[in-house]
Amino acid sequence: MIVVGDIINDVLVRPLSAVTTDSDTRAEIIRRPGGSAANLACWLGSLGSPVSFVGRVGHADHAYHCEYMTRFGVDARLAVDWDRETGTIVIIVDADGGRTMLVDRGANLDLTLLDVPVELLEQASVLHLTGYSYFEEGVRAVALALMSSARERGVALSVDPSSVAFLEDVGPERFLSWTAGAQLCFPNRDEAAVLSGCSDPVVGAERLCTYYETVVVTLDGDGAVVARRGSRPVAVPALRVRPVDTTGAGDAFCAGFLDTWLRCPDPVAAAVAGVRVARDAVVRMGARPPAPPAKNLARTI
């Protein structure tokens, strides 16, 4: 498995009372490594799947992020950016676990094709990309070139649309044209509605099978809908828990799905596995699984 995309310094903020404008509000503030693609890679590694991750970080964070990902068994191939800092997201978490994100993608925007070792695609079964790799022109060129190389080598393609706001910015037709032909697509409810033009996730999943072989629409506490081209959609129920922080739940779901799908390409069984991993993700702060202990980390973000 090769995952290419964003790696981020997350700053999670949970206000402990109503926010007071122009003054102080007590809050819980936690710093964690994040980024949708990097989160997915760490969840995959924690499940025992062989996975390589390719991304770009500011020079001050390189050793820290490499060591952190290695603790999950991830083969981290991080390019160093000497001009930009590592991307940063401030995530404001509400009382129900929902989140609002303020995004500065930083060094992620300078990813180049030279940052992706050719031998990784030669060894891969699946290439996973997130929507963030398509929303900016420079990184999009890298994503499209990687997709072309993967197809030439018979590597399956997996895509997570990632962001309703950015999908609306670029337009659903353009995103679909860039990613059509991928074997797997993982939109959430809102992303599926934008891409399919339909608010019903079952109908939307069926429509999106025009573009993708298998579409899995995640529905938060309602589970997921699995649609495969030529087959009737199947609903997979959620395992209900009280969420603490839903950041990274979709990444965890994708990891659980792909971990099972790589060994047994049954999308319904894979979605059941994805639901289990997503349940584990939402009961704690942060977007990644608990990190194994390390003797030394280069720095803290």
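Residue positions are counted from 1 within each chain, in the order its sequence is given. Per-residue local features of the predicted model are confined to residues with pLDDT of at least 70, and side-chain atom pairs are confined, for both listing and counting, to 80 or more; whole-chain, interface and lining totals are unaffected and use all residues. Hydrogens and waters are ignored; side-chain quantities use all the structure's heavy atoms.

S.K.: Whenever I open this one, the packing of helix 7 (residues 189–196) against helix 8 (residues 201–208) confuses me. Can you help?
M.R.: Geometrically, a packed helix pair is captured by the angle between its two axes and the distance between the axes. What counts as an axis is a line fitted to C-alpha atoms, over the stretch in contact for a helix, and the angles between N-to-C directions run from 0 to 180 degrees. Here a strand is any run of E in DSSP of at least two residues, a helix any run of H or I of at least four, and the numbering for each starts at the N terminus. Running from N to C, helix 7 and helix 8 cross one another at 55°; their axes reach a closest spacing of 9 Å. The angle between helix 7 and helix 8 falls in the class oblique. In the packing of helix 7 onto helix 8, the handedness of the crossing is left-handed. On the side of helix 7, the interface is formed by Ala192, Leu195 and Ser196, while helix 8 contributes Gly204, Arg207 and Leu208. All residues other than Ala, Val, Leu, Ile, Met, Phe, Trp, Tyr, Cys, Pro, Asp, Glu, Lys and Arg, Gly among them, are scored as polar; the first ten of these are nonpolar and the last four charged. Looking at side-chain class alone, the contact of helix 7 with helix 8 contains three nonpolar, two polar and one charged residues. The labels follow the angle: roughly parallel below 35 degrees, roughly antiparallel above 145, roughly perpendicular from 65 to 115, and oblique for the rest. Crossings are sorted by hand: turned counterclockwise from the far helix by less than a right angle, the near helix makes the crossing left-handed, and turned clockwise it makes it right-handed. The contact definition used throughout considers only heavy atoms, calling two residues in contact when any of these lie within 4.5 Å.

S.K.: Please clarify how the packing of aromatic side chains should be interpreted in this entry.
M.R.: Within a pair of aromatic rings, the relevant descriptors are the distance that separates the centres and the angle that separates the planes. Aromatic contacts are taken between Phe, Tyr and Trp rings whose centres are within 6.5 Å, Trp giving its six-membered ring; a plane angle under 30 degrees counts as stacked, one over 60 as edge-to-face, and the others as tilted. Summed over all chains, the structure comprises ten aromatic pairs. Ring geometry for Tyr132 against Phe166: centres 6.2 Å apart, planes inclined by 85°, an arrangement best described as edge-to-face. Pair noted here: Tyr132 is in the loop between strand 8 (126–130) and helix 4 (137–152) and Phe166 is in helix 5 (residues 164–170), with a separation of 34 residues, a long-range link. Given the relative accessible area of 25%, Phe166 is considered partly exposed. For each residue, the accessible area found with a 1.4 Å probe, counting protein chains only, is set against the maximum for its type, and the residue is called buried under 20%, exposed over 50%, and partly exposed in between.

S.K.: It is not clear to me how the nonpolar core should be interpreted in this structure. Could you clarify?
M.R.: Soluble globular proteins tend to pack their nonpolar side chains together in the buried interior. Counting residues in each nonpolar core, the largest one holds 42 residues, and the members touching the most others are Val3, Phe53, Met69, Phe253 and Phe257. When contributions to this core are tallied by element, the ones reaching two or more residues are helix 1 (36–46), strand 4 (52–58), helix 2 (62–70), strand 5 (75–81), strand 12 (224–228), helix 9 (249–263) and helix 10 (267–281). What Val3 contacts, discounting residues up to four positions off in sequence, is Ala37, Leu40, Ala41, Leu44, Val51, Ser52, Phe53, Val54 and His128. For this analysis, a nonpolar core means a set of buried residues of the types Ala, Val, Leu, Ile, Met, Phe, Trp, Tyr and Cys, connected via side-chain atoms within 4.5 Å. By size, the runner-up hydrophobic cluster in this structure holds 40 residues, among which are Val116, Val155, Leu176 and Ala227.

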